[in-house]
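Structural characterization, general
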Amino acid sequence: MPVVRIHVFKGRTGDELQRLLDVAHDAVVEAFGVPRRDRYQILEEHEKSHLQVLDTGLGMDRSERFVLVEIISRVRPRTAKLDLYETLARSFRIECGIDPSDVMVSIVENSDEDWSFGMGRAQFITGELTASRTD
Amino acid sequence: MPVVRIHVFKGRTGDELQRLLDVAHDAVVEAFGVPRRDRYQILEEHEKSHLQVLDTGLGMDRSERFVLVEIISRVRPRTAKLDLYETLARSFRIECGIDPSDVMVSIVENSDEDWSFGMGRAQFITGELTASRTD
Amino acid sequence: MPVVRIHVFKGRTGDELQRLLDVAHDAVVEAFGVPRRDRYQILEEHEKSHLQVLDTGLGMDRSERFVLVEIISRVRPRTAKLDLYETLARSFRIECGIDPSDVMVSIVENSDEDWSFGMGRAQFITGELTASRTD
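Everything numeric in this text was worked out from a predicted model, so none of it was measured.

In terms of helices and strands, chain A carries 4 helices and 6 strands. In terms of overall size, chain A behaves like a compact globule, its C-alpha atoms giving a radius of gyration of 16 Å where 135 residues would be expected to give roughly 14 Å. Over its C-alpha atoms, taken along the principal directions, chain A stretches across nearly 45 × 30 × 25 Å. The burial tally for chain A puts 61% of its 135 residues in the buried class. Put simply, 76% of the contacts in chain A that link residues at least 6 apart link residues at least 24 apart. Of the roughly 5,000 Å² that chain A leaves accessible, carbon and sulfur atoms contribute 48%. Here chain A contributes 18 positively and 24 negatively charged side chains, and the mean placements of these two sets differ by 3 Å.

Laid out in structure tokens, this is it:
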């Protein structure tokens, strides 16, 4: 269920972008324990002028390979979030050659009743989807 | 007040897109009971590679007519949300020929103090807008 | 830390867009008291058909210079938000010639644990960033 929006700078090939999305999804599946078909991803490529990122004074270099991952999810435990940050940074480094200093993540949480996956129904409320299947 | 962001795949005509936005707005007005001029919509058209959607294992086919509706709103009762999901699915089917299996919705809530509609003021806090007018 | 997404209509020059982003960042730094290098901005330019905005019946004219500022931030006091709305409206008017009737803001809050600025770590949780530095 999470909706995952990924922001990058223009310049990657189609294959690189697909790899990035696949690796991001694997990390979400692993850290949040969602079903593999729980995939909803939006990819946005930006001109350098349209995605401005510094480092909050943390002393991290940001390169043209910077990735911002924005996630909307129902409530997750802190441990799952910390796990996701580690998993994303490690996987992007190993699988996509992205330095961990170029991986930023921001999560916004909502509730079970805030999702309809189709058919006009709220599947977490109707019971078609249960916590045990998606948490 | 809701900010409504609508994601679709490229391929619709300008008229189809305008119709989609109008129908989505009507559904929000009906289900949330907001004023007709409470309209703030962003439409994003994506390449197939840039909007990846599966079905969380619910057995729903997603076609090239898939629509993801993301809504930011102040707090709404559950009944209004469930009504919105039904209304969106029904209206998109009747008015736009979109199958209900292609209609996904995600809501994020914020508070009255989180909105400024202009003039540097928070109109829900100043009293220029009241709950009775917009709920 | 806030992630600031700015929506405008197409038609501004590159210099105007950069000025807009700079002025928006100054306002966030001033109103929220974040470090100057706490800058994460996404700029989205839209066709007129793809950004539809009315006025919730408040009697405000919206022009082609309309700006919607969407902010994701950890929790801020109400006074800081009201200050941000005023500062944005005033600065956009003085520095960019945008009428305050064309400046809309929407804020969504999350928590300290919802941010990783890089390195796979949640810097507000590890203590690398503290409330005193960023509030």
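A few words now on the interface of chain B and chain A. The interface is formed by 33 residues belonging to chain B together with 35 residues belonging to chain A. At the boundary of chain B with chain A, the tally comes to 5 salt bridges. Applying the counting criterion to the chain B and chain A interface returns 27 residue pairs in polar contact (both at pLDDT 80 or more). Of all elements in the fold, only strand E1 (3-9), strand E2 (40-46), strand E3 (51-53), strand E4 (67-74), helix H2 (78-96) and strand E5 (103-110) of chain B reach the threshold of two or more residues within the side of chain B that touches chain A. Here the residues of the side of chain B that touches chain A sort into 15 nonpolar, 9 polar and 9 charged. Summarising the sheet, strand E2 (residues 40-46) of chain A and E3(B) pair through 3 bridges and their orientation is antiparallel. Residue Gln41(A) lies in a different strand from E3(B), and its bridge partner there is Gln52(B).

As a further point, take the interface of chain B and chain C. Contact with chain B, which involves 35 residues of that partner, is made by 34 residues of chain C. The largest share of the area that chain B buries against chain C comes from Arg37(B), Tyr40(B) and Glu113(B), three residues that together contribute 21% of it. At the junction of chain B with chain C, the criterion picks out 5 salt bridges. Two residues, Asp55(C) and Arg37(B), come together in a salt bridge whose shortest N-O distance is 2.7 Å.

For these two chains of identical sequence, chain B goes onto chain A by a turn of 120 degrees and a shift of 0.0 Å along the axis, with RMSD 0.0 Å. One copy is carried onto the other by what is essentially a three-fold rotation axis. Nearest to the rotation axis, the C-alpha of Val108(B) is located 4.6 Å from it, this being the minimum over chain B. When the interface residues of chain B are mapped onto chain A, a mere 9% of them are again interface residues, pointing to distinct binding faces.

With that settled, consider the packing of aromatic side chains. Per the counting criterion, the structure on display carries 9 aromatic pairs over all chains. Here the aromatic rings of Phe117(B) and Phe124(B) are separated by 5.6 Å at their centres, their planes lie at 80 degrees, and the arrangement is edge-to-face. With relative accessibility at 8%, the residue Phe124(B) sits in the buried group. When the centroid spacing of 5.9 Å and the interplanar angle of 10 degrees are considered together, the rings of Trp115(C) and Phe117(C) count as stacked. Each member of the pair Trp115(C) and Phe117(C) is classed as buried. An aromatic cluster is built from Tyr40(A), Trp115(A), Phe117(A) and Phe124(A), whose rings are joined through pairwise contacts. The ring of Phe124(C) has Arg74(C) sitting right over it, with the charged end atom 3.9 Å from the ring centre.

Residues of chain A with pLDDT of at least 70 account for 96%, and the chain-wide mean is 95. Across the whole predicted complex the pTM is 0.96, and at the interface the ipTM reaches 0.95.

For the rest of this paragraph, the subject is H2(B). The end-to-end C-alpha distance of H2(B) is 26 Å, a good match for the 27 Å that 19 residues give at a rise of 1.5 Å each. Inspection of H2(B) places Ala80(B), Lys81(B), Leu84(B), Tyr85(B), Thr87(B), Leu88(B), Ala89(B), Ser91(B), Phe92(B) and Cys96(B) among the buried residues, and these make up the whole buried set. Contact partners of the buried residues in H2(B): strand E6 (115-116) of chain A together with helix H1 (14-32), E4 and E5 of chain B.

Residue and element names in this part refer to chain B. Burial of E4 is extensive: 8 of the 8 residues sit out of reach of the surface. Going residue by residue along E4, you find Val67, Val69, Ile71 and Ser73 tucked away on one face and Leu68, Glu70, Ile72 and Arg74 tucked away on the opposite face as well. Inspection of the sheet shows E1 paired to E4 by 6 bridges, in the antiparallel sense. Among the inter-strand pairings, valine 4 is bridged to a residue of E4, identified as isoleucine 71. The pairing of E4 with E5 spans 8 bridges and is parallel. Paired with arginine 74 across the two strands is asparagine 110, which belongs to E5. In this region the chain leaves E4, passes through H2 and returns to the parallel neighbour E5; the handedness of that crossover is right-handed.

Parameters and conventions
- Residues numbered from 1 in each chain as written.
- Chains lettered and ligands numbered in written order.
- Predicted model: local features only at pLDDT ≥ 70, side-chain atom pairs only at ≥ 80, totals over all residues.
- Heavy atoms only, no water.
- Helix = DSSP H or I, 4+ residues; strand = E, 2+ residues; numbered from the N terminus.
- Rg over C-alpha atoms; globule rule 2.2 N^0.38 Å.
- Buried < 20%, exposed > 50% of the residue type's maximum accessible area, 1.4 Å probe, protein only.
- Contact = heavy atoms within 4.5 Å.
- Areas by Shrake-Rupley, 256 points an atom, 1.4 Å probe, with all protein chains shown as cover.
- Lys, Arg positive; Asp, Glu negative; His and termini not counted.
- Charge placed at Lys NZ, Arg CZ, Asp CG, Glu CD.
- Salt bridge = Lys/Arg side-chain N within 4 Å of Asp/Glu carboxyl O.
- Polar contact = N/O pair within 3.5 Å; in protein donor to acceptor, adjacent residues only side chain to side chain.
- Nonpolar A, V, L, I, M, F, W, Y, C, P; charged D, E, K, R; others polar.
- Pairing = 2+ DSSP bridges.
- Buried area = accessible area lost by both parts, 1.4 Å probe.
- Least-squares fit on C-alpha atoms with pLDDT ≥ 70 in both.
- Phe/Tyr/Trp six-rings, centres within 6.5 Å; stacked < 30°, edge-to-face > 60°.
- Lys NZ or Arg CZ within 6 Å of the ring centre and 35° of its normal.
- pLDDT = per-residue confidence, 0-100.
- Expected span 1.5 Å × (residues − 1).
- Right-handed = clockwise from strand over helix to strand, strands pointing away.

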